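# Fold and geometry: a report
Single-letter residue listing:
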Amino acid sequence: MYFDLLLIFSFSFITLFFLRKTAKYVGLVDKPNVRKLHNGAIPLVGGIAIYITFTFYILLNPSYLVDAKIYLVSMFILVFVGVLDDRFDISYKLRFLIQSILSVVMMLLADIQLHTIGNVFGFGNIDFGILGYLITIIAVIGAINAFNMVDGIDGLLGGLSIVTFGGLGLILSFDGQSSMAYLCLVLIVIILPYVIMNLGFLGHKRKVFMGDAGSMFIGFTVIWFLLLSSQNGHDAPLRPVTALWLIALPLMDMAAIMMRRIKNGNSPFKPDREHLHHIIQRLGFKSSHTLFIICAISTCFAAFGIYGEINDIPESFMFYMFAFSFILYIKLLNKVSSFSEFNAVKSINTNS
């Protein structure tokens, strides 16, 4: 097992190095602008390298993942669209259309669908029936874009992905689902070289970004794994409410920021600098400290979900706690945002 993981880690690293050099020749780089404050043109190849490595592993071990061929074809299309978006900045409407089509493919060909959310209100199981098709599409688009929108500082998307796959892997391992649990570990090992290079541990000149191709890969893989683990009837190793806790922070941040944009009369898809990581940084924290704080919060959310799953805490209690946490998150985010904006203005006035 250890040799297998070492090979995967090395293959991911080598792929990153090769693609990093290729990216600059084809213009697949992220250049600084008003919202992107990094230095120089950074190759957008992290997601492609992760996708290539994981695809290679699945092709060698197709029995580890149910409907592996359908997953791989879907991921190829999604990553290709992500690369086009990274290179040419395509419309979000086209991205949503492709994501919706792949959601339908996932439901019709792989039979992976959000059938139920369990007994989240305490009045019995809630099954969606035919509405499950629409709700699954919304869930897939939501998961993909939650991980896309949270990718704002070095290491954050990689860190949150590791928390999610790590938490899911633990639950699957406890349930005896060794193949799926091992795939979660494989994904973590594949992501680690990206995190190392993204954080600049090998120097700024070797820095890489995930890109939309990567965030789409992460988001789609997360929702594929979560639905596969939580929608198989009474024998499912994961309750639907636990899935919420495993992706709690990306989900809450996306929902909170979109609600704030709509409240301010803006499009929910209009980019800004009002995400959690932006607000924490305006409070004076360095990027590395912000990364640690957010990953720690996400780990606490995931740990609570895992604790509830393992100890069979009632779904309704876990759901109401999630709803309470979300409301508290929005309240605190608004207060901290106002405070950070006040401090920023005060600092500017003092310096001038």
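Quick caveat, the model's predicted, so the values are computed rather than measured. (Residues numbered from 1 in each chain as written. Predicted model: local features only at pLDDT ≥ 70, side-chain atom pairs only at ≥ 80, totals over all residues. Heavy atoms only, no water.)

### Remarks on helix H6 (residues 156-174)
Short version of the rule: Helical segments are the DSSP runs of H or I of at least four residues, strand segments are the runs of E of at least two, and each set is numbered from the N terminus. A helix is expected to span 1.5 Å for every residue after the first. For each residue, the accessible area found with a 1.4 Å probe, counting protein chains only, is set against the maximum for its type, and the residue is called buried under 20%, exposed over 50%, and partly exposed in between.
Given a rise of 1.5 Å per residue, 19 residues ought to cover 27 Å, and the 27 Å separating the end C-alpha atoms of H6 matches this to within 8%. Most of H6 is tucked away: 14 of the 19 residues are buried. At the C-terminal side of H6, Gly176 shows a positive phi close to 85 degrees.

### A few points about the side chain of Asp253
The line we're drawing: In this count, Lys and Arg are taken as positive residues and Asp and Glu as negative ones, while His and the chain termini are left out. Take a side-chain nitrogen of Lys or Arg and a carboxyl oxygen of Asp or Glu: if they are within 4 Å of each other, that pair is a salt bridge. By the criterion applied in these results, polar contacts are pairs of N or O atoms within 3.5 Å in which, for protein atoms, one can donate a hydrogen and the other can accept it, and in which residues neighboring in sequence qualify only through two side-chain atoms. In this description, contact between two residues means that some pair of their heavy atoms is separated by no more than 4.5 Å.
Within the element layout of this structure, Asp253 appears in helix H10 (residues 248-263). With no salt bridge to any partner, buried Asp253 finds its closest opposite charge in Arg260, at an N-O distance of 6.8 Å. Side chain to side chain, Asp253 and Tyr329 meet in a polar contact 3.1 Å long. Among residues more than four places away in sequence, those in contact with Asp253 are Val150, His275, Leu276 and Tyr329.

### Quick notes on the environment of Phe292
Counting through the fold element by element, Phe292 comes out in helix H12 (residues 287-310). Distance in space between the C-alpha atoms of Phe292 and Leu156 is 8.8 Å, their sequence separation being 136 residues.

### Overview of the confidence of the model for the protein
The predicted coordinates ought not to be read in detail in places where the model reports low pLDDT. The following threshold applies: For every residue, the predictor reports its confidence as pLDDT, a number between 0 and 100.
Residues at a pLDDT of 70 or more form 93% of the protein, whose mean pLDDT is 90. Contacts of residues 347-352 to residues separated by more than four positions or lying in other chains number zero contacts, the stretch itself having pLDDT below 50.

### Here's the deal with H10
Here H10 spans 22 Å end to end across 16 residues, near enough to the 22 Å set by a 1.5 Å rise per residue. For H10, the set of buried residues is Ala248, Leu249, Pro250, Met252, Asp253, Met254, Ala256, Ile257, Met258, Arg260 and Arg261. One or two positions beyond H10, positive phi appears at Gly265, with a value near 80 degrees.

### Some thoughts on the packing of aromatic side chains
Where two aromatic rings form a pair, the distance of their centres and the angle of their planes describe that pair. What counts is decided by this rule: For Phe, Tyr and Trp, where Trp contributes only its six-membered ring, two rings pair if their centres lie within 6.5 Å, and the inter-plane angle classes them as stacked under 30 degrees, edge-to-face over 60, or tilted in between.
Under the defined criterion, the tally for this structure stands at 19 aromatic pairs. Centre to centre, the rings of Tyr57 and Tyr182 are 6.5 Å apart; their planes meet at 55 degrees, and the pair counts as tilted. Within this pair, whereas Tyr57 is found in helix H2 (residues 46-60), its partner Tyr182 is found in helix H7 (residues 178-198), the two being separated by 125 residues in sequence. A single burial state applies to Tyr57 and to Tyr182, both of which are buried. Ring pairing ties together the aromatic residues Tyr51, Phe54, Tyr71, Phe217, Phe220 and Trp224, which thus form one cluster.

### Some thoughts on the packing of helix H5 (residues 131-149) against helix H8 (residues 211-230)
How two helices pack is summed up by the angle between their axes together with the distance between the axes. Threshold: As a rule, the C-alpha atoms of each element are fitted with a line to give its axis, helices using only the stretch in contact, and angles between N-to-C directions run from 0 to 180 degrees. These descriptions rest on fixed angle ranges, namely under 35 degrees for roughly parallel, over 145 for roughly antiparallel, 65 to 115 for roughly perpendicular, and the rest for oblique. If you view the pair so one helix is near and one far, a crossing is left-handed when the near helix is turned anticlockwise from the far one by less than a right angle, and right-handed when it is turned clockwise. Polarity classes work like this: nonpolar for Ala, Val, Leu, Ile, Met, Phe, Trp, Tyr, Cys and Pro, charged for Asp, Glu, Lys and Arg, and polar for all others, with Gly in that last group.
Remark: H5 packs on H8, axes separated minimally by 7 Å, with the N-to-C direction vectors making an angle of 135 degrees. Judged by the angle between their axes, H5 and H8 are oblique. Crossing of H5 against H8: the hand is right-handed. Taken together, the residues of H8 that come into contact with H5 (itself represented by Thr136, Ala139, Val140, Ala143, Ile144, Phe147 and Asn148) are Asp212, Ser215, Met216, Ile218, Gly219, Phe220, Val222, Ile223 and Leu227. A per-class count over the contact of H5 with H8 returns eleven nonpolar, four polar and one charged.

### Focus: the environment of Asn148
Relative to the helices and strands, Asn148 is located in helix H5. Sequence-wise, Asn148 and Met210 are 62 residues apart; in three dimensions their C-alpha atoms are separated by 9.7 Å.

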